[in-house]
Amino acid sequence: MARFSWTKKESGTLRVKTFLAQRGVSHRMFSIMKRGNGDILLNGQHIRTIDEVNLGDTVTIIMPAEESNDIVATSELPIEILYEDDNWLIVNKTAGITSVPGRADRENTMVNRVKGYLSQQGAKDLVPHVVTRLDRFTSGVALLAKHRFAHGLLDKQLKEHAVDKRYYALVNGDLPDDHGIIDAPIGRMDGDFIRREVRADGRISQTEYWVEQRFGNQTLIRVKLHTGRTHQIRVHFNYIGHPLVGDEIYGGPMDRGIERQALHAYQLTYYDPFAQTDRTVKAPMPVDMQQLLK
């Protein structure tokens, strides 16, 4: 079982449930603790959620371990680790690897490989929680939580789009502006399970970009997502007439020396509630995109 502790540094009195809720412990987490023989301690002693916390008190929650799900296969194939601690695993996902098991692949996805890695490390929690998901043919930084409590603590950041995700993309043509924001709603195409498009009844979607380098017929850009829609970058740049090089689904040119969309998640910044600090992790540009730029 995993233990997490906080010491009350502010004056005044709070009920245990309020104190923990302020630190991201959701109603669902309380239910999991109750069902799974978890516990809440005040200065090492068992307490109830209605009890009070005072200045200097330490509250500890004990979360039951998550048992391995046999439905999710364990893969021994390698995964590149960019950062790891007791709560987080950040990997550099290779293009062509699906993030989670699905119709395309159920045995060797990023999640299957991470499960295999955790098993090799002797971890007790063997259920990887994908926090930031990348398309199959997009490479770069992907954040996973090692346990459901860590994932739950990031839910609010994800909903408020406070997780800062940055990408490199090579788009077709010469973008007219060095900086811009594409603000256009995105929704699923009628009758299409995969593709998205800009449409009036879509969800609010905002993509900011900066030109990094111009090649005349192509433009390398840095991109920041202000929302997190499926295929957002690919859809938005196709919408303004500059689809990504190698993006067959959204009309990008396919004869430029790369076999997938030229899109790489090069940087991720999030607030780590355990360490109480911002953390930034970067992934170098992959070889296929480096060769393309040359």
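Source: prediction; values computed, not measured.

Caption draft 1: Inspection of the packing of aromatic side chains at higher detail. Counting across every chain of the model gives eight aromatic pairs. Judged by centre distance (5.5 Å) and plane angle (70°), the rings of Tyr209 and Phe237 are edge-to-face. Taken together, the residues Tyr209 in strand E15 (residues 206-214) and Phe237 in helix H5 (residues 232-239) connect sequence positions 28 residues apart. Tyr209 sits in the buried class, given a relative accessible area of 6%. The exposure class assigned to Phe237 is buried, which follows from its relative accessible area of 0%.

Caption draft 2: Region of interest: the UniProt feature "active site" (unreviewed entry) in the protein chain. Taking the numbering used here, the UniProt-annotated feature "active site" (unreviewed entry) corresponds to Asp135. As for its position among the elements, Asp135 is in the loop between strand E9 (129-130) and strand E10 (139-145). Dropping the residues within four chain positions of it, Asp135 is found in contact with Lys93, His231, Arg234 and Gln261.

Caption draft 3: Highlighting the sheet that holds strand E3 (residues 39-42). Pairing is antiparallel across the open sheet formed by four strands, whose spatial order is E1-E6-E3-E4. Each edge of the open sheet carries a strand with a single partner, namely strand E1 (2-7) and strand E4 (45-46). Across six bridges, E1 lies against strand E6 (residues 58-63) in antiparallel orientation. Of the residues in E6, the one forming a bridge with Arg3 is Ile62.

Caption draft 4: Region of interest: the pattern of salt bridges. Tallied over the entire structure, the rule returns 16 salt bridges. For Arg199, the salt bridge is made with Asp201, and the minimal N-O distance between the two is 2.6 Å. Judged by relative accessible area, which is 17%, Arg199 ranks as buried. Its relative accessible area of 58% is what places Asp201 among the exposed residues.

Rules used throughout
- Residues numbered from 1 in each chain as written.
- Predicted model: local features only at pLDDT ≥ 70, side-chain atom pairs only at ≥ 80, totals over all residues.
- Heavy atoms only, no water.
- Phe/Tyr/Trp six-rings, centres within 6.5 Å; stacked < 30°, edge-to-face > 60°.
- Helix = DSSP H or I, 4+ residues; strand = E, 2+ residues; numbered from the N terminus.
- Buried < 20%, exposed > 50% of the residue type's maximum accessible area, 1.4 Å probe, protein only.
- UniProt positions renumbered as here; feature names shortened; annotations may be inferred.
- Contact = heavy atoms within 4.5 Å.
- Pairing = 2+ DSSP bridges.
- Salt bridge = Lys/Arg side-chain N within 4 Å of Asp/Glu carboxyl O.

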